[in-house]
Amino acid sequence: MAGYILGIETSCDETAAAVVRDGRQVLSNIISSQAELHRHYGGVVPEIASRRHVELILPVVDQALQTAGVNLSDLQAVAVTAGPGLVGALLVGVSAAKGLAWAAGLPLVGVNHLEGHIYANFLAEEQPELPALCLVVSGGHTDLIYLPEHGSPHILGRTRDDAAGEAFDKGARTLGLGYPGGPAIDALARGGDPAAFAFPRARLGDDSLDFSFSGLKTALLLEVEARRRAGDLADRLPDLAAAYQEAIVSVLVDKALRAVREYQVKCLLLAGGVAANSALRRQMQVAAGRAGIPLFYPPPVLCTDNAAMIACAAHYYLLAGQVAGWDLNAFPSLPLGKRPQGPSLEERIC
Amino acid sequence: MLTLTTSSAKETFHLGEILGRLLEPGDVICLQGELGAGKTCFVQGIARGQGVEDYVSSPSFTLINVYQGRLPFYHIDVYRLTDVAETDQLGLEEYLEDDGVVCLEWADRIQPILPPACLWVVMGKRGPTERSLRFEPHGARYRQLVADFKAAVEGRD
């Protein structure tokens, strides 16, 4: 049946599968770290292991199909993240997708994971208008992406060292907060003064849209040591969290806004785990308002790694006639803008 | 054993670059040091010395970043791993036995599974921008490497 795409995602920690209809309606979105599967697997949290992906992939796919109420034979295609990511982890998803697609006689679509994050914003009734600018911010990525039209994203700026999510996590560790670090800092910062400490903002030159957070991490370490010596560390934790968060968020917002003006985009998109940060959303909302364009951000479950975004991206791959061959491989260093190509749809039909 | 100190991130990067030029297929560099000790900065220098032109960003979340310079360049970070058993499932051996160059951050966390022959670099903070780097070679290849590295660093001055 036309319209239903099964998506599979195993590029890093999560084993995930989802069914999406017409590229916008999420019928199921199963992520292995979710509660039901925890119970199912005796409370074991899935780890980075390829072996864990192997154990979980078929139950997760089954649950995605069952929850959506569809069979393999109802699907239009099977889509899978082919890169970037850990090669062993990617191969589990790619192999499973090939097997399922082959058995059901369906087209196979190999999706770029980073492009998938952008498409999490298209899983909604209201569709972002192109050209768009998307900021993908997560533990592994800080990418400012220009999307003039479907299928041709390119990176305008990215981190030269630590990713924004990593800066949150390592900052939280330095402040003695729990994991995950982003939400912990976000919560603590609400009771603090963002102007209490002047942490550095790496601008990297006027023209650069790149980011750098490694110096900020070190500045926080030094300030924490100074406060510990002064004996007021515990009292100043909310201020430290607020000022540290402000230093990360303000650079993200400034550069995104600069790119919005430079590229004359019609909307601003957020994606990745850090897109759930409340200060980032608030300040981006203000910045987008000032630029007179709408801001889109996915619900938290679609911000972190998931398979619904992969199925959504695949919808646009199929519209462009891009399906993968049975020789589809995993590409650990696949750059944005590169799609794992196979023979064209016409060649497959002929 | 060789201990050096640097007074800026730029100098730490430059030491990495000198070491990177000397690395050969199969070399394994293990890095140890707390947050902010300059491990990633040093690895960025090594990558430059290996001819990697891409930005080398931190693999703390992605775990393994793969680059191509003169040789395949594997930048691995086990920061997020809590025990050796997890590493066992990551397939690290494949990288450690490959003919590329491996730089491994937070190596002390998985010491039991590391190859006996490798170069250990222990980094520490001496001040806001000052860092110390202690080079501990294990095995003949790495003793030679540190001797060559020392000569190259002294030749620079």
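What counts and what doesn't
Residues numbered from 1 in each chain as written. Chains lettered and ligands numbered in written order. Predicted model: local features only at pLDDT ≥ 70, side-chain atom pairs only at ≥ 80, totals over all residues. Heavy atoms only, no water. Helix = DSSP H or I, 4+ residues; strand = E, 2+ residues; numbered from the N terminus. Polar contact = N/O pair within 3.5 Å; in protein donor to acceptor, adjacent residues only side chain to side chain. Contact = heavy atoms within 4.5 Å. Axes fitted to C-alpha atoms, helices over the stretch in contact; angles between N-to-C directions. Parallel < 35°, antiparallel > 145°, perpendicular 65-115°, else oblique. Nonpolar A, V, L, I, M, F, W, Y, C, P; charged D, E, K, R; others polar. Buried < 20%, exposed > 50% of the residue type's maximum accessible area, 1.4 Å probe, protein only. Pairing = 2+ DSSP bridges. pLDDT = per-residue confidence, 0-100.

> What is the right way to look at the side chain of Asn112(A) in this model?
Residue and element names in this part refer to chain A. Among the structural elements, asparagine 112 can be located in strand E5 (residues 108–112). Among the polar contacts listed, one links the side chain of asparagine 112 to the backbone nitrogen of leucine 114, at a separation of 2.9 Å. If we ignore the near neighbours within four places in the chain, the residues touching asparagine 112 are Gly83, Pro84, Tyr317, Leu334, Pro335, Leu336, Gly337, Lys338 and Pro340.

> I would appreciate a short explanation of the packing of helix H5 (residues 164–174) of chain A against helix H8 (residues 233–263) of chain A in the present structure.
All names here are of chain A. Where H5 meets H8, the closest approach of the two axes is 11 Å, and the angle between their N-to-C directions is 175°. When the interaxial angle is binned, H5 and H8 end up roughly antiparallel. Together, Ala164, Ala167, Phe168 and Gly171 of H5 and Tyr244, Gln245, Ile248 and Leu252 of H8 make up the contact between the two elements. Residues that form the contact of H5 with H8 fall into these classes: six nonpolar, two polar and no charged.

> Can you help me understand the pairing of strand E7 (residues 131–138) of chain B in this one?
Looking along a regular strand, one sees side chains alternate from face to face of the sheet. Residues and elements named next belong to chain B. Burial runs high along E7: six of the eight residues are buried. Summarising the sheet, strand E1 (residues 2–6) and E7 pair through five bridges and their orientation is antiparallel. Within E7, the position partnered with leucine 4 by the bridge is leucine 133. Where strand E6 (residues 118–125) lies against E7, eight bridges are found, and the strand directions are antiparallel. Among the inter-strand pairings, tryptophan 120 is bridged to a residue of E7, identified as glutamate 136. Counted between consecutive antiparallel strands, the loop separating E6 from E7 contains five residues.

> Hey, could you run me through unusual backbone geometry in this one?
Omega for the bond connecting Gly83(A) with Pro84(A) falls within 30 degrees of zero, at -5°, which places this linkage in the cis form. Tracing the backbone shows Pro84(A) in the loop between strand E4 (77–83) and helix H3 (87–104). Here Leu130(A) and Pro131(A) are connected by a cis peptide whose omega angle stands at 0°. Inspection of the secondary structure assignment puts Pro131(A) in the loop between helix H4 (113–119) and strand E6 (132–137). Of note, Asp22(A) is a non-glycine position whose phi angle comes to about 50°, a positive value. Phi at Leu63(B) is positive, roughly 75°, even though this residue is not glycine. Within the element layout of this structure, Leu63(B) appears in the loop between helix H2 (39–49) and strand E3 (64–68).

> Can you help me understand the confidence of the model for chain A in this one?
Detailed reading of the predicted model is not advised wherever pLDDT is low. Per-chain confidence: chain A averages 90 in pLDDT, with 92% of residues scoring 70 or above. Below pLDDT 50 for its whole length, residues 343–350 of chain A participates in 13 contacts with residues either more than four positions away or in separate chains.

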